[in-house]
Amino acid sequence: MAVSTLQLVELVLHGAAFLCGIACASALTVAQGEFGGRCILYGSVGWNGTALVPAAFSHLSLCYFISGVSIVVALYCFSSLLYGVFGCCTGEAQWDRSWLRVTLVITIILLFFLLISACILRVGMDVLCASITETKRVFSCRDAQHEPWALYSPIHFYSNLSSAQSSAWVTVFLWCLLTARLLLQRRREPRIPLLRNDDPECGAEAEATFGGRLIRP
């Protein structure tokens, strides 16, 4: 069965966004695990003379929000991917106009939350790294992975947070493309003109339906 280029592009974008959403949630969860399940974003770090010491953590809901948004987006992309594959096989891959409008609204809402979560990750990492470099023990946040830590052993925390941030921004980019694809599809949808009583087509339809002539006022 023939599949349009836009349909193939949409499938690829949904698949890529699904992988990025899973990668973001997984990397952030691993980074939390290195600090005993606590959220290190927007946290502060000090130096006790022998090791780096986390002085403050953020509320867990902050990291849970980012992971939750990524998981919801991944599930939505997975279901859309399954629907797209099924539609390509059965020839029903196109949304009707009403469902297209609903899908567009959902996509814009998810894009809004993706932007928020990506910004939280970016700013949260900047605050954390600024606190680490202020200890004068290391010159970069990446170098802190090789320094001794009190109570924890976060040897890959920066790599995991960087992976989560990169995946979040890639997801935002892919979601912008998906939104543009839906807007393009909605613009190409033909509008159904309303038939008036004095329209010959309206009279023909009425005669075919009721078996008689249309009574005009």
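**Q** When you look at the pattern of salt bridges in this model, what are you seeing that I'm missing?
**A** Two side chains of opposite charge can pair, provided their charged atoms sit close to one another. Following the criterion strictly, the structure yields three salt bridges and no others. Its salt-bridge partner being Glu10, residue Arg181 comes within 3.2 Å of it at the nearest N-O pair. With a gap of 171 residues between them, Arg181 in helix α4 (residues 157-188) and Glu10 in helix α1 (residues 5-34) connect regions that are remote in the sequence. Overall, the relative accessible area of 13% leaves Glu10 in the buried class. For Asp126, the salt bridge goes to Arg122, with nearest N and O atoms at 3.4 Å. Residue Asp126 and its partner Arg122 are both found in helix α3 (residues 97-133); the two are separated by four residues, about one turn of the helix.

**Q** Before we go on, may I ask you to explain the pairing of strand β1 (residues 39-47) in this structure?
**A** Within a regular strand, side chains alternate between the sheet's two faces. Where β1 lies against strand β2 (residues 52-58), five bridges are found, and the strand directions are antiparallel. From the neighbouring strand, Ser44 faces β2, where its bridge partner is Ala56. The loop that links β1 with its antiparallel partner β2 comprises four residues; one of these, Gly49, has a positive phi angle of about 105 degrees.

**Q** Can you help me understand the nonpolar core in this one?
**A** The tendency in soluble globular proteins is for nonpolar side chains to be buried side by side. Ranked by internal contacts, the top residues of the largest apolar core, which has 43 residues, are Leu41, Ile132, Phe157, Leu161 and Trp175. Looking at this core, the elements that each hand over two or more residues are α1, β1, α2 (60-90), α3 and α4. A per-element tally of this core places α3 first, with 10 residues. Setting aside residues up to four positions removed in sequence, Leu161 forms contacts with Leu28, Ala31, Ile40, Leu41, Met125 and Leu128.

**Q** Explain the packing of α1 against α2 to me, please; I cannot follow it from the model alone.
**A** Helices that pack against each other are described as a pair by the angle of their axes relative to one another and the distance between those axes. α2 packs onto α1 with a crossing angle of 155 degrees between their chain directions and a minimal axis gap of 8 Å. The orientation of α1 with respect to α2, classified from their angle, is roughly antiparallel. Note on packing geometry: the crossing formed by α1 with α2 is left-handed. Residues belonging to the contact of α1 with α2 are distributed by class as follows: 18 nonpolar, 10 polar and no charged.

Rules used throughout
Residues numbered from 1 in each chain as written. Predicted model: local features only at pLDDT ≥ 70, side-chain atom pairs only at ≥ 80, totals over all residues. Heavy atoms only, no water. Salt bridge = Lys/Arg side-chain N within 4 Å of Asp/Glu carboxyl O. Helix = DSSP H or I, 4+ residues; strand = E, 2+ residues; numbered from the N terminus. Buried < 20%, exposed > 50% of the residue type's maximum accessible area, 1.4 Å probe, protein only. Pairing = 2+ DSSP bridges. Core = buried A, V, L, I, M, F, W, Y, C linked by side-chain atoms within 4.5 Å. Contact = heavy atoms within 4.5 Å. Axes fitted to C-alpha atoms, helices over the stretch in contact; angles between N-to-C directions. Parallel < 35°, antiparallel > 145°, perpendicular 65-115°, else oblique. Left-handed = near helix turned anticlockwise from the far one by under 90°. Nonpolar A, V, L, I, M, F, W, Y, C, P; charged D, E, K, R; others polar.

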